[in-house]
Amino acid sequence: MKNSVSSVRDAVLWAASFLNKKGINNGRLEAELLMARAMGKNRAAVLACFPDEVPQAVFHKFRQLVEKRGRHFPLQYLTGIQDFMSLPFYVEEGVLVPREDTEVLVETILQLGRSFENILEVGTGSGIIAVSLAKYISGVKITATDISGKALEVARKNAEALGVQERIRFIQADVFRWTPAEKYDLIVSNPPYISREEMRGLQKEVLFEPVEALDGGERGLDFYFRLAELAKEYLVPSGILAVEIGYRQALEVRGIFERAGLTGIEVIQDYAGRDRVVLCKKGKECNCEE
Ligand code: SAM
Ligand code: GLN
């Protein structure tokens, strides 16, 4: 572990090689981002001061960040930021790091071209889905729930930073016990969907993330049953249920939604061509409310 203070460039090069040795693929880029964090500047500003000497206090902070990253602590928890749908979201330990896959869910909803007015999100985490929908669908009102107080704290912060806090109501609740007081035209969720078997083989970074954000029960499907029930009872006629799924769950989730009487089921793929989103409708023919 490097001890002496040197130029910004040398410190970054040392960190890049240290991180690469620890099995981190983008060591150089990550080293620059961590230096930016230690200096309280952006990455471009770090590159611009490569020849300068690193102040002692900055170097100390940088080294701590690099050491933590070397133990595969998620980069985003160290930098405090992850972009989603071209918006900057704040994240910290205790909430799921937003995934690129989830953009497919939000894009699918936006591409429906429907003017949603009242949306329910289950399991909002850092708030990426609720906040980006509030940003991109003008006038929409959103109820966002999560069981985790920490998640809601972060989600509220993001809603405020992005100026949509007036249109999102946050509720701390366990979706298996909570019942809504109104009806929605869209229910959306990226629920925990990792099966018990997969939970045992997660990437090192994921082990630092909250288990309640990932664990979807024995087969990873628990939340889809509950979401189907909510859709039956709390969607307006022709309302939409849109969920993210694990890439091997399309058949099972389709089955759960079909058996619940939901119609128009569609499976949408992510950029890697893997099943990622399931959409369905509360059809007019559904006698779900009886
Ligand atoms: N929507 C965020 C995203 O896409 O990044 C977070 C999704 S994360 C996979 C699932 C979220 O569901 C977590 O924030 C977790 O705290 C929440 N959650 C887990 N169990 C829950 C429950 N019983 N009721 C409500 N929310 C729950
Ligand atoms: N996509 C996440 C992962 O692979 C899982 C998120 C979820 O359970 N919804 O780690």
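Residues numbered from 1 in each chain as written. Chains lettered and ligands numbered in written order. Predicted model: local features only at pLDDT ≥ 70, side-chain atom pairs only at ≥ 80, totals over all residues. Heavy atoms only, no water.

Visitor: What is the right way to read the pairing of strand 7 (residues 235–244) from this model?
Guide: Each regular strand carries side chains that alternate between the two faces of the sheet. For strand 7, the buried fraction is high: 8 of the 10 residues fall into the buried class. Examined bridge by bridge, strand 6 (residues 184–189) and strand 7 share 5 bridges and lie parallel to one another. When the bridges of strand 7 are listed, L186 appears paired with I240. Bridge count between strand 7 and strand 9 (residues 275–281): 5 bridges; the pairing is antiparallel. (Buried < 20%, exposed > 50% of the residue type's maximum accessible area, 1.4 Å probe, protein only. Helix = DSSP H or I, 4+ residues; strand = E, 2+ residues; numbered from the N terminus. Pairing = 2+ DSSP bridges.)

Visitor: Could you clarify how one ought to interpret the environment of P191 in this entry?
Guide: Looking at the secondary structure, you find P191 in the loop between strand 6 and helix 9 (196–199). The exposure class of P191 is buried, given its relative accessible area of 4%. On a C-alpha basis, the gap between P191 and R28 in space is 33 Å, while along the polypeptide they are 163 residues apart.

Visitor: In this structure, what is going on with the pattern of salt bridges? I would like to understand it.
Guide: A side chain of one charge can pair with a side chain of the opposite charge when the charged atoms of the two come close. Tallied over the entire structure, the rule returns 17 salt bridges. Here E30 makes a salt bridge to R69, at a shortest N to O gap of 2.5 Å. Taken as a pair, E30 in helix 2 (residues 27–39) and R69 in helix 4 (residues 56–70) lie far apart in primary sequence, 39 residues in all. Take E30: its relative accessible area is 9%, and that puts it in the buried class. Relative accessible area serves as the criterion here: at 6%, R69 is assigned to the buried category. Here R226 makes a salt bridge to E229, at a shortest N to O gap of 2.6 Å. Placement of both R226 and E229 in helix 10 (residues 222–234) is noted, with a separation of 3 residues, approximately one turn of the helix. Residues joined by salt bridges that share partners form a network here, namely R28, E32 and R43. (Salt bridge = Lys/Arg side-chain N within 4 Å of Asp/Glu carboxyl O.)

Visitor: Is there a simple way to think about the site of ligand 1 in this case?
Guide: Among the 21 residues in the neighbourhood of ligand 1, the closest are listed as G123, D146, D174, V175 and N190. A distance of 2.9 Å separates a nitrogen atom of ligand 1 from a polar backbone atom of G123. A distance of 2.9 Å separates a nitrogen atom of ligand 1 from a polar side-chain atom of D174. Coverage of ligand 1 by the protein amounts to 95% of the 600 Å² it exposes when considered alone. (Near = heavy atom within 4 Å. Polar contact = N/O pair within 3.5 Å; in protein donor to acceptor, adjacent residues only side chain to side chain. Areas by Shrake-Rupley, 256 points an atom, 1.4 Å probe, with all protein chains shown as cover.)

What is shown is where atoms sit, not what they do.
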